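Observations on the three-dimensional arrangement
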Amino acid sequence: RGSAGEYAAIRWLQDNGKRGEGVLEAVGREYYPAYSRFSGSTGLPTVLGWPGHEQQWRGTTRLLDGRAEDVREIYTTQDPSIAIRLLGKYDISYVVVGPQERATYGNLGLAKFSQVGDVVFPGGDVTIYRVRE
């Protein structure tokens, strides 16, 4: 609703993402509808959507411990080798860089994504990178 660029990017992933390909996006906080918008709209798995939701339905987040920190590291590190290692750990095919990711993690570590992937969706305020194999 809030971003034509996000809507177009979600549609692109719906049309081009294949079952089981992971998508990286910002981890949610208290208000989950603003988060997990790509995985939730496409069915593609993500590292962690909204920890509170996991707590609510599973009764614990123990199985997910460290995931939010890994996502933060992927977005914020300036070292491509660290990002590549963590993207591989979670079998991520697509990295989303949109308004929510910038607001959550800042812009400092985003330049490295052009070294670890190729732009497959350049749309206004959202860029999607396909991670190179």
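For the structure, see preceding data.
What comes next concerns the included structure. Worth saying up front: this structure is predicted, and the values here are computed from it rather than measured. (Residues numbered from 1 in each chain as written. Predicted model: local features only at pLDDT ≥ 70, side-chain atom pairs only at ≥ 80, totals over all residues. Heavy atoms only, no water.)

What the four strands build is an open sheet, ordered E1-E2-E4-E3; its pairing is mixed. Whereas interior strands pair on both sides, the edge strands pair on one side only; in this sheet they are strand E1 (22-24) and strand E3 (117-123). Mean inter-strand twist for the sheet, computed between neighbouring axes without regard to direction, equals 25°. With three bridges connecting them, E1 and strand E2 (residues 92-97) associate as parallel partners. Considered in E2, the bridge of glycine 22 is made with isoleucine 92. (Pairing = 2+ DSSP bridges. Helix = DSSP H or I, 4+ residues; strand = E, 2+ residues; numbered from the N terminus. Axes fitted to C-alpha atoms, helices over the stretch in contact; angles between N-to-C directions.)

We now examine the packing of helix H4 (residues 67-76) against helix H5 (residues 80-89). Contact geometry for H4 and H5: axes closest at 9 Å, N-to-C directions at 140°. Between H4 and H5, the angle is such that the two are oblique. The interaxial crossing formed by H4 with H5 has left-handed handedness. On the side of H4, the interface is formed by Asp70, Glu73 and Ile74, while H5 contributes Ile82, Ala83, Leu86, Leu87 and Lys89. Among the residues making up the contact of H4 with H5, the classes are represented as five nonpolar, no polar and three charged. (Parallel < 35°, antiparallel > 145°, perpendicular 65-115°, else oblique. Left-handed = near helix turned anticlockwise from the far one by under 90°. Contact = heavy atoms within 4.5 Å. Nonpolar A, V, L, I, M, F, W, Y, C, P; charged D, E, K, R; others polar.)

Leu24, Tyr75, Leu87, Ile92, Val95 and Phe113 are the most contacted members of the largest nonpolar core, which totals 22 residues. Those elements that provide at least two residues to this core are H4, H5, E2, helix H7 (113-116) and strand E4 (126-131). If we skip the residues at most four places from it in the chain, phenylalanine 113 touches Ile74, Tyr75, Val95, Val97 and Tyr129. Among the nonpolar cores identified, the runner-up in size contains eleven residues, and Phe38, Val96, Phe121 and Ile128 belong to it. (Core = buried A, V, L, I, M, F, W, Y, C linked by side-chain atoms within 4.5 Å. Buried < 20%, exposed > 50% of the residue type's maximum accessible area, 1.4 Å probe, protein only.)

Turning next to the pairing of E4. Side-chain positions along a regular strand alternate between the two faces of the sheet. The buried fraction of E4 amounts to five of the six residues, a majority that puts the element mostly inside the structure. As defined by bridge partners, E2 adjoins E4 across four bridges and the pair is classed as antiparallel. By the bridge assignment, valine 97 is partnered in E4 with threonine 127. Where E3 meets E4, six bridges bridge the pair, whose relative direction is antiparallel. Within E4, the residue paired with proline 122 across the bridge is threonine 127. Counted along the chain from E3 to the antiparallel partner E4, the turn is two residues long, and its residue glycine 124 has a positive phi close to 60°.

This part covers the packing of aromatic side chains. When we look at a pair of aromatic rings, we describe it by the centre distance and by the angle of the planes. Applying the stated criterion across every chain, the model contains four aromatic pairs. For the ring pair tryptophan 12 and tyrosine 94, a centre distance of 5.9 Å and an interplane angle of 80° mean the geometry is edge-to-face. Here tyrosine 94 lies in strand E2 and tryptophan 12 lies in helix H1 (residues 4-16), a separation of 82 residues in the sequence. Members of the aromatic cluster, connected to one another through ring pairs, are Tyr75, Tyr105, Phe113 and Tyr129. Over the ring of phenylalanine 113 we find lysine 112, and its NZ or CZ is 4.2 Å from the ring centre. The residue whose ring lies beneath arginine 130 is tyrosine 94, and the NZ or CZ to ring-centre distance is 5.0 Å. (Phe/Tyr/Trp six-rings, centres within 6.5 Å; stacked < 30°, edge-to-face > 60°. Lys NZ or Arg CZ within 6 Å of the ring centre and 35° of its normal.)

Don't take any of this as a statement about function, it's just geometry.
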